[in-house]
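Spelled out, the chains give:
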Amino acid sequence: MCKNNNWNSRFLGLRSPFQSWCILIGIHSENGYYFYTKRWVQTLKNEQMTELELVIDLHKNSERQGPGSEKDTLKALRFMNLPTAQYLKVADIGCGSGGQTITIAKNLNGQITAVDLFPEFLDELNEKSQNLGLTDKIVTLEKSMDELPFGKEEFDVIWSEGAIYNVGFESGIIKWKDYLKVGGYMAVSEITWITQSRPKEIEDFWKHEYPEIDIASNKIKLLENNGYTLVGYFYLNQESWIDNYYKPMEARFETFLKRHDNSELARKVVEDYKAEIELYQKYKDYYSYGFYIAQNN
Ligand SMILES: C[S@@+](CC[C@H](N)C(=O)[O-])C[C@H]1O[C@@H](n2cnc3c(N)ncnc32)[C@H](O)[C@@H]1O
């Protein structure tokens, strides 16, 4: 049952598509517990598709569904001292259409279990991996990240770019630790303040959208308090947001709207993303995705 009394109003009053994955399929409750539900959202009269379906549709056929880059993925990989001779087991949680999965597969000796809630993205990843001859290295799994069927200490590496917020950073690093071998690595990117202070508007916005947002030192403390040793940290530069995520998305707006006959709900989805992009442009010096690479000790 929903623990958050504000669930409906927050849901329907959706402001930021940044957290749309989170807001559309789960919400943060007061006590820090996240839940997931595949509830269909707001369907306007005569609309064929739900808002969630439209958000997924907007993100289809794109390199990535969040900020990041091949360079960032490779940089995170380099912090890990992985045995080259050994065949490694990797989980990529919230993989989307697999921008980072492909990079990991090309640069690591092992098999990646790429998990996402939405088959639309996994189908794209399967197609890409077939075209690239990577099917022996990438196995897709349609599952929610809060009910993973993994065994104890099954993986050498757990990877999650721009997705751990769906269960919450602290909850994710605690829960997923069970699946990680001792000495194995966790690599997660997470929305992070990159300055000690910031304008009230952006502070209030993020505190509302994602109360777990924090400065990196506090996130690192959480890792350390939960049995990890930090081996690397960096934050994504603005190119990873603008050139790799927002610009390609903006380029899809027109065809997306045409595809949906310029419907009211499709226009709302686009307007919400435009507002998110504007906010990022205004406050990009204050937040980014921090990339945390930590070893399970
Ligand atoms: C911001 S996107 C990041 C995707 C990809 N890692 C990237 O960086 O391009 C977040 C991803 O998390 C997935 N997701 C959201 N909630 C999920 C859940 N409960 N379980 C598994 N995946 C989920 C979404 O489908 C989406 O692909």
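Everything discussed here concerns the structure shown above.
Everything numeric in this text was worked out from a predicted model, so none of it was measured.

The rules behind the values
- Residues numbered from 1 in each chain as written.
- Predicted model: local features only at pLDDT ≥ 70, side-chain atom pairs only at ≥ 80, totals over all residues.
- Buried ≥ 20, exposed ≤ 12 C-beta atoms within 10 Å, placed from the backbone.
- Helix = DSSP H or I, 4+ residues; strand = E, 2+ residues; numbered from the N terminus.
- Pairing = 2+ DSSP bridges.
- Right-handed = clockwise from strand over helix to strand, strands pointing away.
- Core = buried A, V, L, I, M, F, W, Y, C linked by C-beta atoms within 7 Å.
- Contact = placed C-beta atoms within 7 Å.
- Near = placed C-beta within 6 Å.
- Nonpolar A, V, L, I, M, F, W, Y, C, P; charged D, E, K, R; others polar.
- Expected span 1.5 Å × (residues − 1).
- Bend = angle between axes of the 7 residues up to and from the residue.

Peer 1: Can you help me understand the pairing of strand E2 (residues 110-116) in this one?
Peer 2: Every regular strand shows the same layout, with side chains that alternate between the two sheet faces. Among the 7 residues of E2, 5 are classified as buried, and the element is accordingly described as predominantly covered. Two elements, strand E1 (residues 88-93) and E2, share 6 bridges in a ladder whose sense is parallel. Paired with Asp-92 across the two strands is Ala-114, which belongs to E2. In this fold, the crossover linking E1 to E2 by way of helix H5 (residues 99-107) has right-handed handedness. The pairing of E2 with strand E3 (residues 138-142) spans 5 bridges and is classified as parallel. In the sheet register, Ile-112 faces E3, and the bridge partner there is Ile-138. Since E2 and E3 lie parallel, the crossover through helix H6 (residues 119-131) that links them has a hand, and here it is right-handed.

Peer 1: What should I look at first to understand the nonpolar core in this one?
Peer 2: Nonpolar side chains in soluble globular proteins tend to end up buried together. Formed by 65 residues in total, the largest nonpolar core has its most connected members in Val-90, Ala-91, Val-157, Ile-158, Met-186 and Ala-187. Discounting residues that sit within four places of it in the chain, Val-90 has contacts with Ile-104, Leu-108, Gly-110, Ile-112, Phe-155, Asp-156, Val-157 and Trp-159.

Peer 1: Sorry, what's going on with the site of the ligand here?
Peer 2: Lining the immediate environment of the ligand, one finds 24 residues, of which Arg-64, Gly-66, Gly-94, Gly-96 and Met-145 sit closest. Listed by contribution, the elements that provide at least two residues to the shell around the ligand are helix H2 (20-25), H5 and E2. The residue inventory of the shell around the ligand, partitioned by class, reads 10 nonpolar, 10 polar and 4 charged.

Peer 1: Would you explain unusual backbone geometry in this entry?
Peer 2: Leave glycine aside and you will find that most residues have negative phi; peptide bonds, for their part, are mostly trans. The phi angle at Asn-61 is positive, at roughly 55°, despite the residue not being glycine. Checked against the element boundaries, Asn-61 lands in the loop between helix H3 (51-59) and helix H4 (70-78). Phi is positive for Asn-262, which is not a glycine, with a value near 55°. Asn-262 gets classed as exposed once you count the C-beta atoms within 10 Å, which come to 11.

Peer 1: How do you make sense of H3 when you look at a structure like this?
Peer 2: Structural remark: α-helix, 3.6 residues per turn; residues separated by three or four positions point the same way. Most of H3 is tucked away: 7 of the 9 residues are buried. Those residues of H3 not exposed but buried are Glu-51, Leu-52, Leu-54, Val-55, Ile-56, Leu-58 and His-59. At the exit of H3 stands Asn-61, carrying a positive phi of roughly 55°.

Peer 1: What is the right way to look at helix H10 (residues 238-259) in this model?
Peer 2: Its 22 residues place the ends of H10 30 Å apart at the C-alpha level, agreeing with the 32 Å of an ideal helix rising 1.5 Å per residue. If you look at H10, its biggest bend is around 35°, right at Phe-253. Looking only at H10, the buried set comprises Ser-240, Trp-241, Asn-244, Tyr-245, Met-249 and Phe-256. On its buried side, H10 packs onto H3, H4 and helix H11 (264-283). Just past H10, the residue Asp-261 takes up positive phi, approximately 50°.

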